[in-house]
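In case you want the letters, here they are:
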Amino acid sequence: MSAFDGMWSITIASPIGPQHGTVDVKQNGAALSGTATAMGSTVDIENGRLEGDRAQFTINMVRPMPMKMDFDLIIDGDALTGGTVAGNFGRMAVTGQRA
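All figures in this text were calculated on a predicted structure; none of them were measured in a lab. (Residues numbered from 1 in each chain as written. Predicted model: local features only at pLDDT ≥ 70, side-chain atom pairs only at ≥ 80, totals over all residues. Heavy atoms only, no water.)

Colleague: What am I meant to see in the overall build of the protein chain here?
Modeller: Counting secondary structure elements, the protein chain contains zero helices and nine strands. Starting at the N terminus, the α and β elements of the protein chain follow one another as β-β-β-β-β-β-β-β-β. Taken along the three principal axes of its C-alpha coordinates, the protein chain extends 35 × 20 × 20 Å. Within the protein chain, buried positions represent 36% of all 99 residues. In the protein chain, the share of contacts with a sequence separation of at least 24, taken over all contacts with a separation of at least 6, comes to 25%. Counting every atom, the protein chain has about 5400 Å² of accessible surface; 53% of that belongs to carbon and sulfur. Across the protein chain, the 7 positively charged side chains and the 10 negatively charged ones have centroids separated by 4 Å. (Helix = DSSP H or I, 4+ residues; strand = E, 2+ residues; numbered from the N terminus. Buried < 20%, exposed > 50% of the residue type's maximum accessible area, 1.4 Å probe, protein only. Contact = heavy atoms within 4.5 Å. Areas by Shrake-Rupley, 256 points an atom, 1.4 Å probe, with all protein chains shown as cover. Lys, Arg positive; Asp, Glu negative; His and termini not counted. Charge placed at Lys NZ, Arg CZ, Asp CG, Glu CD.)

Colleague: Can you walk me through the pairing of strand 1 (residues 6-14) in this structure?
Modeller: By the bridge criterion, nine bridges tie strand 1 to strand 2 (residues 17-28) in an arrangement that is antiparallel. In the strand pairing of strand 2, I12 is matched with Q19. Remark: two residues form the turn of the hairpin made by strand 1 and strand 2, two consecutive strands paired antiparallel. Summarising the sheet, strand 1 and strand 9 (residues 90-98) pair through five bridges and their orientation is antiparallel. In the strand pairing of strand 9, S9 is matched with Q97. (Pairing = 2+ DSSP bridges.)

Colleague: Honestly, the layout of surface pockets in this entry has me stumped. Any pointers?
Modeller: In this approach a probe as big as a water molecule rolls over the atoms, and the regions it shows empty are the leftover space. Counted as a void, the largest pocket has a volume near 360 Å³. Taken together, 24 residues make up the lining of the largest pocket; nearest its centre are I12, Q19, R63, P64 and M69. Listed by contribution, the elements that provide at least two residues to the lining of the largest pocket are strand 1, strand 2, strand 3 (31-38), strand 6 (54-61) and strand 7 (67-76). Of all the elements, strand 2 adds the most residues to the lining of the largest pocket, at five residues. (1 Å grid on protein atoms, 1.4 Å probe; cavity = no way out; pocket = protein on both sides within 12 Å on 5 of 7 lines; lining within 4 Å. Points joined across faces, edges and corners; volume = space filled by probe spheres on them.)

Colleague: I tried to follow the nonpolar core on my own but got confused; where do I start?
Modeller: Burial of nonpolar side chains together is a common tendency in soluble globular proteins. Counting 25 residues, the largest nonpolar core has F4, I10, F57, I59, M69 and F71 as its most contacted members. Every element with two or more residues in this core is listed here: strand 1, strand 2, strand 3, strand 6, strand 7, strand 8 (79-86) and strand 9. For this core, the element with the highest residue contribution is strand 7, accounting for five residues. The contact partners of M69, leaving out residues within four places of it in the chain, are I12, F57, T58, I59, M61, T84, V85, A86 and M92. (Core = buried A, V, L, I, M, F, W, Y, C linked by side-chain atoms within 4.5 Å.)

Functional significance is not addressed by these values, which are geometric in nature.
As structure tokens, then:
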């Protein structure tokens, strides 16, 4: 089990207020897979990779609007910090905790 395996509750600091969701992640070597859930929809994690304490992956949200989101996160025990670049909204801060 890697430092990132498992369920995480995340909060994205979006321009329309905090957005909450979960990511359920599994590591296989340097590759990450899993799902992200928010606003009643679940999508697959794509292009996931883990290097040390740094996780990067993409999701293609469908709600509240279709949007590609590229995540770059640092894991520190049971907490994570970092950001996501989300469509035309640009970079937004992300925080999270192991669920």
